[in-house]
Amino acid sequence: MTKAVTMKFNNRGDDNLVYRLLSLLQTKLPYPVKELKRIRKQVYLVITDYNWLILKEFPSYKKLKIQEAFTNSLHYEGFHATYRFFSFDQDPIIIDNCIYGCIEYIPGSLKPFSYGEKESRQEALVLLGQYYECTEKLVDAYQYVLPHFDIYEKWVERSKQFKANLPVAAPFIKKNLLQELTSWIDWTLYQLEKEKVNMANEKKVILHGDVAHHNFIRGLNGHLYLIDFDLISIGPRSMDYLQFANRILPVIGWSHSQLQKMNLLQPFLHERSFLIGLAFPTDILREWNRLIRQNKMENDLAREHVVELTEQQFSKRRKFVNKMMKLTD
(Lines give C-alpha, C1' and ligand atoms only; values in the text may rest on other atoms or scores of the structure.)
Protein backbone atom coordinates (compact mmCIF):
# COMPACT_ATOMS: atom_id res chain seq x y z
CA MET A 1 0.00 0.00 0.00
CA THR A 2 2.99 2.28 0.43
CA LYS A 3 5.46 3.32 -2.22
CA ALA A 4 8.13 0.65 -2.29
CA VAL A 5 11.71 1.47 -1.39
CA THR A 6 14.50 -0.95 -2.31
CA MET A 7 16.54 -1.63 0.80
CA LYS A 8 19.94 -3.16 1.32
CA PHE A 9 19.96 -5.86 3.94
CA ASN A 10 23.03 -5.55 6.09
CA ASN A 11 22.00 -8.38 8.34
CA ARG A 12 22.36 -11.93 7.10
CA GLY A 13 19.17 -12.87 8.91
CA ASP A 14 17.28 -10.29 6.81
CA ASP A 15 18.82 -11.64 3.62
CA ASN A 16 17.98 -15.18 4.60
CA LEU A 17 14.34 -14.35 5.45
CA VAL A 18 13.79 -12.49 2.19
CA TYR A 19 15.35 -15.34 0.21
CA ARG A 20 13.14 -17.93 1.92
CA LEU A 21 10.03 -15.81 1.45
CA LEU A 22 10.86 -15.40 -2.22
CA SER A 23 11.43 -19.13 -2.64
CA LEU A 24 8.16 -19.98 -0.92
CA LEU A 25 6.21 -17.44 -2.96
CA GLN A 26 7.53 -19.03 -6.15
CA THR A 27 5.74 -22.22 -5.14
CA LYS A 28 2.55 -20.50 -3.99
CA LEU A 29 1.76 -17.98 -6.70
CA PRO A 30 0.55 -19.08 -10.14
CA TYR A 31 3.01 -16.74 -11.89
CA PRO A 32 6.76 -16.11 -11.49
CA VAL A 33 7.95 -13.67 -8.85
CA LYS A 34 10.47 -11.21 -10.29
CA GLU A 35 11.36 -9.29 -7.16
CA LEU A 36 10.66 -9.00 -3.44
CA LYS A 37 11.27 -5.61 -1.80
CA ARG A 38 10.91 -4.72 1.84
CA ILE A 39 8.70 -1.66 2.36
CA ARG A 40 8.89 -1.62 6.14
CA LYS A 41 9.16 -4.13 8.94
CA GLN A 42 7.01 -7.19 8.22
CA VAL A 43 5.69 -5.74 4.94
CA TYR A 44 7.03 -6.49 1.44
CA LEU A 45 6.23 -5.59 -2.14
CA VAL A 46 5.94 -8.61 -4.45
CA ILE A 47 6.57 -7.91 -8.13
CA THR A 48 5.45 -10.55 -10.61
CA ASP A 49 5.10 -10.70 -14.37
CA TYR A 50 1.33 -10.44 -13.93
CA ASN A 51 0.80 -7.93 -11.10
CA TRP A 52 2.09 -6.45 -7.85
CA LEU A 53 1.06 -7.67 -4.40
CA ILE A 54 1.74 -6.75 -0.79
CA LEU A 55 3.06 -9.47 1.50
CA LYS A 56 2.30 -8.71 5.14
CA GLU A 57 2.91 -10.57 8.39
CA PHE A 58 -0.09 -11.16 10.64
CA PRO A 59 -0.15 -11.93 14.39
CA SER A 60 -2.00 -15.20 13.83
CA TYR A 61 -3.67 -17.33 11.19
CA LYS A 62 -7.04 -16.47 12.74
CA LYS A 63 -6.49 -12.73 12.34
CA LEU A 64 -5.37 -13.21 8.75
CA LYS A 65 -8.52 -15.18 7.90
CA ILE A 66 -10.73 -12.62 9.68
CA GLN A 67 -9.29 -9.83 7.57
CA GLU A 68 -9.61 -11.88 4.40
CA ALA A 69 -13.27 -12.53 5.18
CA PHE A 70 -13.92 -8.95 6.23
CA THR A 71 -12.48 -7.33 3.10
CA ASN A 72 -14.47 -9.80 0.99
CA SER A 73 -17.57 -8.80 2.96
CA LEU A 74 -16.88 -5.13 2.28
CA HIS A 75 -16.71 -5.75 -1.46
CA TYR A 76 -19.80 -7.95 -1.37
CA GLU A 77 -21.77 -5.18 0.37
CA GLY A 78 -20.65 -2.63 -2.22
CA PHE A 79 -17.68 -0.94 -0.54
CA HIS A 80 -14.93 -1.21 -3.15
CA ALA A 81 -12.59 1.52 -1.88
CA THR A 82 -10.15 -0.97 -0.43
CA TYR A 83 -8.07 -4.02 -1.37
CA ARG A 84 -8.78 -7.74 -1.58
CA PHE A 85 -6.59 -10.58 -0.37
CA PHE A 86 -5.01 -13.11 -2.68
CA SER A 87 -6.30 -16.41 -1.31
CA PHE A 88 -4.14 -19.54 -1.47
CA ASP A 89 -5.75 -22.90 -2.18
CA GLN A 90 -2.94 -24.65 -0.34
CA ASP A 91 -1.50 -24.01 3.11
CA PRO A 92 -0.77 -20.37 4.05
CA ILE A 93 2.68 -18.80 3.89
CA ILE A 94 4.42 -19.67 7.16
CA ILE A 95 8.09 -19.06 7.95
CA ASP A 96 9.61 -19.25 11.44
CA ASN A 97 6.08 -19.57 12.85
CA CYS A 98 5.13 -16.24 11.23
CA ILE A 99 1.97 -16.05 9.11
CA TYR A 100 1.95 -13.98 5.93
CA GLY A 101 -0.96 -12.84 3.79
CA CYS A 102 -0.94 -11.50 0.22
CA ILE A 103 -2.88 -8.30 -0.40
CA GLU A 104 -3.83 -6.54 -3.62
CA TYR A 105 -1.48 -3.65 -4.35
CA ILE A 106 -3.13 -0.24 -4.83
CA PRO A 107 -0.90 2.04 -6.93
CA GLY A 108 -0.68 5.33 -5.07
CA SER A 109 -0.49 8.87 -6.34
CA LEU A 110 2.89 10.58 -6.26
CA LYS A 111 1.35 13.03 -3.79
CA PRO A 112 0.58 11.17 -0.54
CA PHE A 113 -2.75 11.69 1.18
CA SER A 114 -2.57 14.23 3.99
CA TYR A 115 -4.90 15.75 6.57
CA GLY A 116 -3.23 19.08 5.86
CA GLU A 117 -5.76 19.99 3.16
CA LYS A 118 -9.37 20.84 3.91
CA GLU A 119 -10.65 18.98 0.85
CA SER A 120 -8.74 15.84 1.82
CA ARG A 121 -10.13 15.87 5.37
CA GLN A 122 -13.63 16.21 4.00
CA GLU A 123 -13.08 13.41 1.48
CA ALA A 124 -11.79 11.11 4.23
CA LEU A 125 -14.92 11.78 6.29
CA VAL A 126 -17.15 10.97 3.32
CA LEU A 127 -15.27 7.72 2.71
CA LEU A 128 -15.58 6.76 6.37
CA GLY A 129 -19.30 7.46 6.20
CA GLN A 130 -19.62 5.09 3.24
CA TYR A 131 -17.58 2.50 5.12
CA TYR A 132 -19.92 2.66 8.14
CA GLU A 133 -23.03 2.44 5.99
CA CYS A 134 -21.60 -0.83 4.75
CA THR A 135 -20.26 -2.21 8.03
CA GLU A 136 -23.48 -1.48 9.88
CA LYS A 137 -24.91 -4.36 7.83
CA LEU A 138 -22.04 -6.65 8.90
CA VAL A 139 -22.23 -6.23 12.68
CA ASP A 140 -24.42 -9.29 13.26
CA ALA A 141 -22.16 -11.51 11.17
CA TYR A 142 -19.03 -10.43 13.07
CA GLN A 143 -20.37 -9.82 16.58
CA TYR A 144 -18.80 -13.03 17.94
CA VAL A 145 -15.64 -12.70 15.85
CA LEU A 146 -14.47 -9.17 16.54
CA PRO A 147 -13.79 -7.48 19.90
CA HIS A 148 -16.21 -4.86 21.18
CA PHE A 149 -14.60 -1.46 21.55
CA ASP A 150 -14.56 0.21 24.99
CA ILE A 151 -12.93 3.63 24.89
CA TYR A 152 -13.16 4.07 28.66
CA GLU A 153 -11.19 0.91 29.36
CA LYS A 154 -8.69 1.77 26.63
CA TRP A 155 -8.02 5.22 28.04
CA VAL A 156 -7.89 4.01 31.63
CA GLU A 157 -5.13 1.60 30.61
CA ARG A 158 -3.30 4.27 28.60
CA SER A 159 -3.50 6.64 31.57
CA LYS A 160 -2.17 4.01 33.97
CA GLN A 161 0.80 3.38 31.69
CA PHE A 162 1.50 7.10 31.37
CA LYS A 163 1.40 7.67 35.12
CA ALA A 164 3.63 4.64 35.67
CA ASN A 165 6.07 6.15 33.15
CA LEU A 166 6.11 9.59 34.78
CA PRO A 167 9.29 9.01 36.81
CA VAL A 168 11.06 8.71 33.44
CA ALA A 169 9.05 11.25 31.44
CA ALA A 170 8.41 14.00 34.01
CA PRO A 171 11.93 15.54 33.90
CA PHE A 172 11.30 16.41 30.23
CA ILE A 173 7.79 17.88 30.70
CA LYS A 174 7.30 21.36 32.12
CA LYS A 175 5.75 21.12 35.57
CA ASN A 176 2.76 23.37 34.86
CA LEU A 177 1.98 21.48 31.64
CA LEU A 178 2.18 18.15 33.41
CA GLN A 179 -0.23 19.35 36.09
CA GLU A 180 -2.74 20.42 33.45
CA LEU A 181 -2.35 17.16 31.51
CA THR A 182 -3.00 15.17 34.66
CA SER A 183 -6.07 17.23 35.50
CA TRP A 184 -7.46 16.70 31.97
CA ILE A 185 -6.88 12.96 32.22
CA ASP A 186 -8.66 12.69 35.56
CA TRP A 187 -11.55 14.91 34.51
CA THR A 188 -12.09 13.07 31.23
CA LEU A 189 -12.09 9.59 32.75
CA TYR A 190 -14.42 10.66 35.55
CA GLN A 191 -16.89 12.22 33.11
CA LEU A 192 -16.60 9.45 30.54
CA GLU A 193 -17.40 6.76 33.08
CA LYS A 194 -20.77 8.45 33.68
CA GLU A 195 -21.48 8.27 29.93
CA LYS A 196 -20.84 4.53 29.53
CA VAL A 197 -24.53 3.59 29.46
CA ASN A 198 -25.37 6.20 26.83
CA MET A 199 -22.44 5.12 24.66
CA ALA A 200 -23.43 1.45 24.97
CA ASN A 201 -26.85 2.26 23.53
CA GLU A 202 -25.49 3.89 20.36
CA LYS A 203 -25.97 2.08 17.05
CA LYS A 204 -23.02 -0.16 16.25
CA VAL A 205 -20.84 -0.47 13.17
CA ILE A 206 -17.50 -2.15 12.53
CA LEU A 207 -14.95 0.48 13.45
CA HIS A 208 -11.74 0.85 11.48
CA GLY A 209 -9.80 1.60 14.65
CA ASP A 210 -6.90 3.57 13.14
CA VAL A 211 -8.05 6.47 10.99
CA ALA A 212 -4.59 8.02 10.77
CA HIS A 213 -3.75 9.71 7.47
CA HIS A 214 -1.41 6.86 6.42
CA ASN A 215 -4.38 4.47 6.27
CA PHE A 216 -5.88 6.43 3.38
CA ILE A 217 -4.34 6.11 -0.07
CA ARG A 218 -4.91 8.38 -3.02
CA GLY A 219 -4.87 6.05 -6.00
CA LEU A 220 -3.36 6.83 -9.39
CA ASN A 221 -6.97 7.00 -10.61
CA GLY A 222 -7.64 9.86 -8.16
CA HIS A 223 -9.92 7.78 -5.94
CA LEU A 224 -9.42 7.52 -2.18
CA TYR A 225 -8.95 4.09 -0.56
CA LEU A 226 -9.13 2.91 3.05
CA ILE A 227 -6.57 0.31 4.11
CA ASP A 228 -5.21 -1.65 7.10
CA PHE A 229 -7.91 -3.36 9.14
CA ASP A 230 -5.68 -4.67 11.92
CA LEU A 231 -7.69 -2.87 14.62
CA ILE A 232 -11.27 -3.44 13.51
CA SER A 233 -13.80 -3.83 16.30
CA ILE A 234 -17.50 -3.35 16.97
CA GLY A 235 -18.69 -0.05 18.41
CA PRO A 236 -20.48 3.24 17.64
CA ARG A 237 -19.10 5.17 14.67
CA SER A 238 -18.56 8.14 16.99
CA MET A 239 -15.46 6.37 18.32
CA ASP A 240 -13.71 6.48 14.94
CA TYR A 241 -14.91 10.04 14.36
CA LEU A 242 -13.51 10.99 17.76
CA GLN A 243 -10.15 9.55 16.77
CA PHE A 244 -10.38 11.39 13.46
CA ALA A 245 -11.05 14.67 15.27
CA ASN A 246 -8.12 14.06 17.63
CA ARG A 247 -5.87 13.43 14.62
CA ILE A 248 -6.79 16.62 12.79
CA LEU A 249 -7.08 19.06 15.72
CA PRO A 250 -3.35 19.93 15.69
CA VAL A 251 -3.62 20.53 11.93
CA ILE A 252 -6.54 22.96 12.30
CA GLY A 253 -5.02 24.74 15.29
CA TRP A 254 -7.39 23.25 17.88
CA SER A 255 -10.28 25.17 16.34
CA HIS A 256 -13.75 24.17 17.52
CA SER A 257 -15.30 26.32 14.79
CA GLN A 258 -13.37 24.38 12.12
CA LEU A 259 -14.74 21.11 13.49
CA GLN A 260 -18.26 22.54 13.36
CA LYS A 261 -17.86 23.23 9.64
CA MET A 262 -17.46 19.50 8.93
CA ASN A 263 -20.99 18.31 8.20
CA LEU A 264 -20.44 14.68 9.14
CA LEU A 265 -19.02 15.66 12.53
CA GLN A 266 -21.74 18.16 13.44
CA PRO A 267 -24.18 15.65 15.01
CA PHE A 268 -21.46 14.30 17.30
CA LEU A 269 -20.44 17.77 18.47
CA HIS A 270 -23.77 17.89 20.30
CA GLU A 271 -23.09 14.63 22.17
CA ARG A 272 -21.70 15.04 25.67
CA SER A 273 -19.54 11.88 25.48
CA PHE A 274 -17.93 13.09 22.23
CA LEU A 275 -17.07 16.50 23.69
CA ILE A 276 -15.60 14.83 26.76
CA GLY A 277 -13.47 12.60 24.55
CA LEU A 278 -12.10 15.61 22.67
CA ALA A 279 -10.55 16.87 25.92
CA PHE A 280 -8.52 13.73 26.55
CA PRO A 281 -4.80 14.18 25.59
CA THR A 282 -4.66 10.77 23.95
CA ASP A 283 -1.92 11.71 21.46
CA ILE A 284 0.47 12.90 24.15
CA LEU A 285 -0.06 9.82 26.30
CA ARG A 286 0.28 7.49 23.33
CA GLU A 287 3.59 8.97 22.21
CA TRP A 288 5.21 9.08 25.67
CA ASN A 289 4.13 5.51 26.37
CA ARG A 290 5.48 4.35 23.02
CA LEU A 291 8.78 6.20 23.45
CA ILE A 292 9.41 4.58 26.82
CA ARG A 293 8.12 1.16 25.80
CA GLN A 294 10.56 1.14 22.87
CA ASN A 295 13.44 2.24 25.13
CA LYS A 296 14.08 5.37 23.07
CA MET A 297 14.41 7.93 25.87
CA GLU A 298 18.15 8.14 25.20
CA ASN A 299 17.47 8.91 21.54
CA ASP A 300 17.59 12.71 21.55
CA LEU A 301 15.76 13.08 18.23
CA ALA A 302 12.91 10.74 19.20
CA ARG A 303 12.56 12.24 22.67
CA GLU A 304 12.57 15.84 21.43
CA HIS A 305 9.87 14.97 18.91
CA VAL A 306 7.56 13.89 21.74
CA VAL A 307 8.52 16.89 23.87
CA GLU A 308 7.63 19.13 20.92
CA LEU A 309 4.31 17.32 20.45
CA THR A 310 3.55 17.94 24.14
CA GLU A 311 4.44 21.63 24.16
CA GLN A 312 3.44 22.64 20.63
CA GLN A 313 0.14 24.55 20.48
CA PHE A 314 -0.37 23.90 24.20
CA SER A 315 -2.05 27.26 24.77
CA LYS A 316 -4.45 26.56 21.88
CA ARG A 317 -5.10 23.07 23.25
CA ARG A 318 -5.78 24.52 26.72
CA LYS A 319 -8.32 26.96 25.30
CA PHE A 320 -9.99 24.16 23.35
CA VAL A 321 -10.13 21.77 26.33
CA ASN A 322 -11.59 24.47 28.56
CA LYS A 323 -14.27 25.08 25.96
CA MET A 324 -15.14 21.37 25.84
CA MET A 325 -15.45 21.34 29.63
CA LYS A 326 -17.84 24.29 29.55
CA LEU A 327 -19.92 22.77 26.78
CA THR A 328 -20.43 19.60 28.83
CA ASP A 329 -21.68 21.44 31.94
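Criteria and thresholds
Residues numbered from 1 in each chain as written. Predicted model: local features only at pLDDT ≥ 70, side-chain atom pairs only at ≥ 80, totals over all residues. Heavy atoms only, no water. Core = buried A, V, L, I, M, F, W, Y, C linked by side-chain atoms within 4.5 Å. Buried < 20%, exposed > 50% of the residue type's maximum accessible area, 1.4 Å probe, protein only. Helix = DSSP H or I, 4+ residues; strand = E, 2+ residues; numbered from the N terminus. Contact = heavy atoms within 4.5 Å. Salt bridge = Lys/Arg side-chain N within 4 Å of Asp/Glu carboxyl O. Axes fitted to C-alpha atoms, helices over the stretch in contact; angles between N-to-C directions. Parallel < 35°, antiparallel > 145°, perpendicular 65-115°, else oblique. Left-handed = near helix turned anticlockwise from the far one by under 90°. Nonpolar A, V, L, I, M, F, W, Y, C, P; charged D, E, K, R; others polar.

Asker: Quick question: what am I supposed to make of the nonpolar core here?
Answerer: One recurring pattern in soluble globular proteins is that nonpolar side chains are buried together. By size, the foremost hydrophobic cluster in this structure holds 95 residues, and its most contacted members are Tyr-131, Ile-206, Phe-216, Phe-244, Leu-259, Leu-278 and Trp-288. The element best represented in this core is helix α6 (residues 175-194), accounting for 8 residues. Ignoring anything within four residues of it in the chain, the contact list for Phe-216 reads Phe-113, Tyr-115, Ala-124, Leu-127, Leu-128, Val-211, Leu-224, Tyr-225 and Leu-226. Among the nonpolar cores identified, the runner-up in size contains 17 residues, and Leu-17, Leu-29, Tyr-31 and Ile-95 belong to it.

Asker: Quick question: what am I supposed to make of the pattern of salt bridges here?
Answerer: If the charged atoms of two oppositely charged side chains come close together, the side chains can form a pair. What the rule picks out here adds up to 20 salt bridges. Among the salt bridges present, the one from Arg-290 reaches Glu-287, with a minimum N-O distance of 3.2 Å. Of this pair, Arg-290 and Glu-287 both sit in helix α11 (residues 282-293), separated by 3 residues, roughly a single helical turn. Its salt-bridge partner being Glu-304, residue Arg-303 comes within 3.8 Å of it at the nearest N-O pair. A residue is classified by how much of its surface remains accessible, and Arg-303, at 10% relative accessible area, is buried. Taken together, the shared-partner salt bridges in this structure form one network comprising Glu-133, Glu-136, Lys-203 and Arg-237.

Asker: What am I meant to see in the packing of α6 against helix α13 (residues 314-327) here?
Answerer: Packed helices, taken two at a time, are described by their axes: the angle between them and the distance between them. Between α6 and α13, the least distance of the axes is 12 Å, while the angle of their chain directions is 30°. Relative to α13, the element α6 lies roughly parallel. The handedness of the crossing between α6 and α13 comes out as left-handed. Residue-level inspection shows Leu-177, Glu-180, Leu-181, Trp-184 and Trp-187 of α6 in contact with α13, the latter providing Phe-314, Arg-317, Arg-318, Val-321 and Met-325. When the residues that make up the contact of α6 with α13 are grouped by side-chain class, the tally is 7 nonpolar, no polar and 3 charged.

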